[in-house]
Amino acid sequence: MTDLATIEKMTLKEYNLRMQAYRLQQVDRMFERRDLAWAIVTAKSVDKEGNYIYREFKDFFDYDKALRAVENVQVREEDMDQDLVRIARRLAEYRKGGGKI
């Protein structure tokens, strides 16, 4: 996203979804780089006895583990913009009170 007006109109839920998508995209890019590196490593890397150092790609890069790490990302409240946290709390109180001030 490059349009500041669109970014400012995003809801917190949309922002979180976009951040999750970005992190997943980064895992895919990491996978592609590691796949290329794997091809190079398997062609070159052998121990003194001529055996490959890595037997399987998963030994070199665990894609499922990387995805789980992204899926379990928890944003701590201390890391959030405190003005937004305050606004979210006030909105939650407003909604809890039936929308009355």
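The structure presented is a predicted model; accordingly, all values stated were derived computationally and were not measured. Each chain carries its own residue numbering, running from 1 in the written order of its sequence. Side-chain atom pairs in this predicted model are given and counted only at pLDDT of 80 or more, local residue features only at pLDDT of at least 70, and totals for whole chains, interfaces and linings cover all residues. Think of the side-chain values as coming from all heavy atoms in the structure, minus any hydrogens and water.

Draft legend 1. Region of interest: the overall build of the protein chain. Helix numbering and strand numbering both begin at the N terminus, where a helix is a DSSP run of H or I of at least 4 residues and a strand a DSSP run of E of at least 2. The helix and strand inventory of the protein chain stands at 5 helices and 0 strands. Each helix and strand of the protein chain, placed in order from N terminus to C terminus, yields the pattern α-α-α-α-α. Radius of gyration means the value over C-alpha atoms here, while the globule rule gives 2.2 Å times the residue count to the 0.38 power. Over its C-alpha atoms the protein chain spans a radius of gyration of 22 Å, topping by over 25% the 13 Å that the globule rule assigns to 101 residues. Principal-axis analysis of the C-alpha atoms gives the protein chain an extent of 75 × 30 × 20 Å. Every one of the 101 residues in the protein chain was classed for burial, and the buried ones make up 10%. The criterion used for residue contact is that any of the two residues' heavy atoms lie within 4.5 Å. Within the protein chain, contacts between residues at least 6 apart in sequence are counted, and of these 40% link residues at least 24 apart. In the form shown here, the protein chain has an accessible surface area of approximately 9000 Å², with 52% of it arising from carbon and sulfur atoms. By the counting rule applied here, Lys and Arg register as positive and Asp and Glu as negative, while His and the ends of each chain are not counted. Where a charge sits is defined by one atom per residue type, namely NZ (Lys), CZ (Arg), CG (Asp) or CD (Glu). Side-chain charges in the protein chain split into 20 positive and 19 negative, and the spacing between the mean points of these groups amounts to 5 Å. Burial here depends on accessible area, computed with a 1.4 Å probe over protein chains only, as a share of the maximum for the residue type. Under 20% is buried, over 50% is exposed, and the range in between is partly exposed. The method behind every accessible area is Shrake-Rupley, applied with a 1.4 Å probe, and residues are considered shielded solely by the protein chains displayed.

Draft legend 2. Expanded view of the packing of aromatic side chains. To pair, rings of Phe, Tyr and Trp, with the six-membered ring standing in for Trp, must have centres within 6.5 Å; the planes then decide the type, stacked if under 30 degrees apart, edge-to-face if over 60, and tilted in the middle. Counting across every chain of the model gives 1 aromatic pair. Judged by centre distance (5.0 Å) and plane angle (65 degrees), the rings of Phe31 and Tyr63 are edge-to-face. Of this pair, Phe31 sits in helix H2 (residues 12-44) while Tyr63 sits in helix H4 (residues 63-71), placing them 32 residues apart in sequence.

Draft legend 3. A look at the nonpolar core. Residues Val27, Trp38, Phe57, Phe61, Ala66, Leu67 and Val70 constitute the largest nonpolar core, which totals 7 residues. Among the secondary structure elements, those contributing two or more residues to this core are H2 and H4. No other element matches H4, which puts 3 residues into this core. Setting aside anything within four residues of it in sequence, one finds Trp38 in contact with Tyr54, Arg55, Glu56, Phe57 and Phe60. In these notes, a set of buried Ala, Val, Leu, Ile, Met, Phe, Trp, Tyr and Cys residues joined through side-chain atoms within 4.5 Å is what counts as a nonpolar core.

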